[in-house]
Amino acid sequence: MTENVTIEIRGMSCASCVGRVERALDKQPGVIDSQVNLATEKATVALEESATLSQVVEAIEETGYQPVVEDAEIPVIGMTCGSCVSRVERSLKKLPGILQASVNLTTQKTFVRFLPGAVSLPRLHHAIKDAGYEPQEPDASAQTQNEDREGLQLRNKVLLAAAFTIPVVLIAMGKMIPALEAFFTSIMPHRGWMGVEWLLTTPVLFYAGARFYRSGYAELRHANPGMNSLVMIGSSAAYFYSVAALLVPGFFPAGTAESYFEAAAVIVTLILLGRYFEHVAKGRTSEAIKKLLQLQAKTARVIRDGEAVEVSIEAVVPGDRILARPGERIPVDGVVEEGHSFVDESMISGEPVPVAKQQDAEVVGGTVNKNGSLTFRATRVGADTLLSQIVRMVESAQAEKPPIQQLADKIAGVFVPVVIVIALITFSVWLGFGPAPALSFAFVTTVSVLLIACPCAMGLATPTAIMVGTGKGAEMGVLFRKGAALETLAKIDTVVLDKTGTLTRGRPELTDFIVTDGHENEVLQWVAAVEAQSEHPIAEAIVRNAKERGLELPSVSHFSAEPGYGIEADVAGHRLHVGADRYMHRLGLELGQAEARAKAFAEDAKSPLYAAVDGRLAAIIAVADPLKEGSAEAIASLKALGLEIAMLTGDNRATADAIAKQVGIRRVLAEVLPDQKAAEIKRLQAEGQDVAFVGDGINDAPALAQADVGIAIGTGTDIAIEAGDVVLMRGDLRGIVNATALSRRTRKTILGNFIWAYGYNLALIPVAAGVLFPFTGFLLNPMLAAGAMSLSSVFVLTNSLRLRRFKPDIDDAMPSTDGATRPERAHPA
C-alpha cells in the first residue's frame, strides 16, 4: 500500500532549493518518490505504509526550509471513557498528513498536528463524526484571520527594510556628492556617519533578511549551496568588510577602508521586494483553482424528518435527499427525484443554454439551478464530486514535473557551485592583477558575481507557466491530468481519432425521413409505433425522434418480425411493413427512384430503411450515428496547425470511409478490433511519429495509455478518462484544437523563460566579473546586481502570467468563469 501526501513548504526560492529538498526526501526510509514544485511551494511524496511522516517533515526542516504544519484544538462532545479516546485517535490517524493526534477526556478536546496541504480541518471533523462523536465548529473569524501570513510577513519585512535602507542610501550618496558631503561632515565626521550606517544596516540584514541566513547556512551545512547562500555570502561580505573598515581601518591597504553598508542593505531590501512580487504573482498563477473552488457550494439543504435543514457541505453523505431552490448552486452530484427546472451547466459543458432537469436526470455539484425547485438524492459528495475531481486533476498536473523542468533542475544543481568557483576566480584575478586599490575592486566584483547569478528565475521558468497553462485549460474545459502532457502535446505531429462517440455522437439517430405517400408526422407516428415493439438500436432512434416531435404513439396489433428482413403490424386501421430493400422486393413493391436515394444514404454511412402502408411505399428512412457538431471544423483546424489526422475504428471499411470523407480525413484504419487499437498506435510510433489518440470508450483505454498523449472525451467512461493525459470536459473535438494551441503557447512561454533566465546569467556574469572594465571603465555595482536579479524573476513570472490572456483558435461558446469580456485573440504558436 502506498500513500501520496502533499506538504506545503516555505523558504524555497530557486531550482537548487527544489533539488535539495527532493534529495533529502528521497533518502528517507519508506519514501518511494518525491516531486517538489517551486511555483506551488508544495512537495508530493509517495510513501510506503511503513514510512514515518514526522521523519519526512524533519528531513525538510534539516535542509533549512519550513514545512507548513498546523495545530488544531477541536472540542468533541460525547466521549465518556478511554475507549472513546482511542476510537477518535484511530479515526484521525487513518487520515493522510496527520503528524500527531491526542485526545484529552477531561477537557473533552482533541489536539491534532497536521499538514494542511494534505488534510483539511473539515476532514478532521468528518473523521471524528465517523468515529461516532460530535466535533464543535471552530471560530470562523479566527480561521479567516491572517489568511496569507507569508505574504503579510514578506510585506512587513520589505517595509521595515526599506525604512532603514533609504537613510543608509542617502548617507552613502552624501559621501559621494561634494555639496552634500560638506553638509554631512558639518554635523558629524565621516567615521561617525559610517557608525550610523552600521546601526541602520544591522536590523536589515539580521532581522528583515534573517530568512537568507537561516536557509543559506543550511545549504552550506549540507554542502549544497543555493540562491540563499549566494545572497548570504554577498550581503555578509559587504557588511563585514564595512564593519572591519570602520573598526580597524589600519588593517586595510591605503584607499580601501571604505564602507559598503548601503550595498548590503539595498541587496537584502531589493531581494526581499523581489520575493514579495514573486509571492503576489504566484498567487495569481493559481487563480484558476481558486475560481473552481468558488463554484463549490458552502452549505446544502438536506431533508431531515420531512424538513429542509441547512448543513455544511462536509456534512452531506451519499443517499441524503437535498432540496435545491431557484438561483442556488447544486451542492453535490446527484439524481433528481422530484421537481422540474433548468440548470446552467456551462461550467461543465460550456453550453450557455440551461438544461432541463426532471425525475431521474443527473445533476452536477457547482452548477446553478435556474427557475424551479429540485429534490435530488446525493450520489457523490466531497472529493468524489465531478468538480472536486476537476480541481484534483488540475492540481495534480501543476505539481508534476515535465521533462524540460527535470533538465532545468539538474542544470541548477551544478550552476550555483560553478558560480561560487567563478566568484573565487574573479576575486583572485582582481586582487592579483587589478589596479589600486585592488582589494576594493576584487571585493566589489566578487559580490556582484554572487548576486547577479542567483538562479531564482531558472527555478520559476517552468512551474509558473505550467500552473497558468493548466489553469487556463480548465477555464476552457480542457483538463491536463499530467503536467508533462502540456509540454508533450506541443510536439505531437499525428492525431488519431476513434470514430464512435468521438467523431460521432455514439448513438443512432433518425437523420432522414422522406415521405412518398401521406403526411410526414402521421406516417412517422405509425412507423414509430411499430418500431416501439422492437429492441433494435435503429428502432430506438426512430421512436426517440417521434417522441421528440411530441407525437403520441397509437396501439399496435398483429405484430410480427422476420429477422434479416423487417417487421409488420396493424396500426390505426392500416397495415404497415418496415424493413430493408429485400423485404420490399419480397412484398412485390417497386422502389424506383427511392432505391437511388437509399444508395446515396448508404454511401454517406447511413442505414436506409423503407416503410410501406397498405401495400404502397410510404417513406424512405435513414438512420445513422451522426457527426458531432464541430467535428469537421475541428479536423480542418488541426490540419491548419500542421498535424496529420487519422481515424481508427472497428467499423467496416465502407462506413469508415464515408465518415472520414465527411470530415476530411484521408488516413483511415478500419476494422480494427478493440485489443488491436493500442498495437496500431504503437505501429505509428515505430514509424517515428509522435501520436495523440482521442477516444471515449473502455476499449479505448489501452490506446489512450499507449499514445504519447491520450486525450479522453469527458462525456465518455470513467476508465477512459482515467487513462487519458488530457480530458475534454465538453466532448467537443474543437477542444483538441484549443488544447494543442494552448500547449504550444505554454511551451513557447517556457522556452522564452529559459532563454531569459539562462541568457541573462550567461551575459551578465562576465559583466559583473569586470570584463568591460579594461575597455570602458565600467564596473557593475552590487546594488544594481541585486536589483537586476530580482527583476529577472519578476520578468519570468509576468511572462508566464501572459498565458492568462490566451485566446483559443476555436471558441466553442464557453463563457469565462468570472463573466468578464474575453481578451484579444492570441496566436497559438
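The chain appears in an unreviewed UniProt entry as P-type Cu(+) transporter from Modicisalibacter ilicicola DSM 19980. Looking at the Subcellular location (unreviewed entry) heading of the UniProt record, one finds this comment for the chain: "Cell membrane". Word for word, the UniProt comment on the chain under Sequence similarities (unreviewed entry) is "Belongs to the cation transport ATPase (P-type) (TC 3.A.3) family. Type IB subfamily."

Here N369 lies in strand β16 (residues 368–369). It is 6.5 Å that separates the C-alpha atoms of N369 and I330, two residues lying 39 residues apart in sequence. Apart from the residues lying within four places of it in its own chain, the contact partners of N369 are A324, R325, P326, G327, E328, I330, S341, F342, V343 and L374. At 2.5 Å, the side chain of N369 and the side chain of S341 are in polar contact.

Below, the discussion takes up the nonpolar core. In terms of nonpolar packing, the biggest core is built from 127 residues, with F480, L497, L503, I665 and I711 touching the most fellow members. Here this core gets 13 residues from one element, more than from any other, and that element is helix α29 (residues 734–769). Here this core spans two domains, and each of domain 1 (2–67) and domain 4 (478–504 + 627–729) adds at least three residues to it. L497 has contacts with T502, L503, I635, I645, A646, M647, L648, I665, F693, V694, L733 and I736, leaving out every residue within four places of it along the chain.

For the rest of this paragraph, the subject is the sheet that holds strand β4 (residues 66–67). The strand order β2-β3-β1-β4 describes an open sheet built from four strands, whose pairing is antiparallel. If you trace the sheet from one side to the other, it starts and ends with β2 (31–37) and β4, each paired once. By the bridge criterion, two bridges tie strand β1 (residues 2–10) to β4 in an arrangement that is antiparallel. Each bridged residue has a counterpart across the sheet, and for R10 the counterpart in β4 is Q66. With respect to the sheet, helix α1 (residues 15–26) is in contact with β1, β2 and β3 (42–48), its orientation differing from that of β2 by roughly 165°. Of the strands in this sheet, β1, β2, β3 and β4 touch helix α2 (residues 53–62), which is tilted by about 30° from β1.

Looking now at the sheet that holds strand β14 (residues 355–357). If you walk across this open sheet you meet the three strands as β14-β13-β16, and the pairing is antiparallel. The strands lining the two open edges of the sheet, one partner per strand, are β14 and β16. Relative to β14, strand β13 (residues 341–344) runs antiparallel, the two being bridged by three bridges. By the bridge assignment for β14, V343 is matched with V355.

What follows concerns the packing of aromatic side chains. The tally for this structure, following the rule as stated, stands at ten aromatic pairs. Measuring from centroid to centroid gives 5.4 Å for W430 and F773, while their planes differ by 70°, and the two rings are edge-to-face. Within this pair, whereas W430 is found in helix α15 (residues 403–433), its partner F773 is found in helix α30 (residues 773–776), the two being separated by 343 residues in sequence. Ring pairing ties together the aromatic residues F206, Y213, Y239, F240 and F261, which thus form one cluster. When the ring centre of Y207 is taken as origin, the NZ or CZ atom of K157, which lies over that ring, is 5.1 Å away.

Scoring rules and cut-offs
- Residues numbered from 1 in each chain as written.
- Predicted model: local features only at pLDDT ≥ 70, side-chain atom pairs only at ≥ 80, totals over all residues.
- Heavy atoms only, no water.
- UniProt positions renumbered as here; feature names shortened; annotations may be inferred.
- Helix = DSSP H or I, 4+ residues; strand = E, 2+ residues; numbered from the N terminus.
- Contact = heavy atoms within 4.5 Å.
- Polar contact = N/O pair within 3.5 Å; in protein donor to acceptor, adjacent residues only side chain to side chain.
- Core = buried A, V, L, I, M, F, W, Y, C linked by side-chain atoms within 4.5 Å.
- Buried < 20%, exposed > 50% of the residue type's maximum accessible area, 1.4 Å probe, protein only.
- Domains from an automatic or database assignment.
- Pairing = 2+ DSSP bridges.
- Axes fitted to C-alpha atoms, helices over the stretch in contact; angles between N-to-C directions.
- Phe/Tyr/Trp six-rings, centres within 6.5 Å; stacked < 30°, edge-to-face > 60°.
- Lys NZ or Arg CZ within 6 Å of the ring centre and 35° of its normal.

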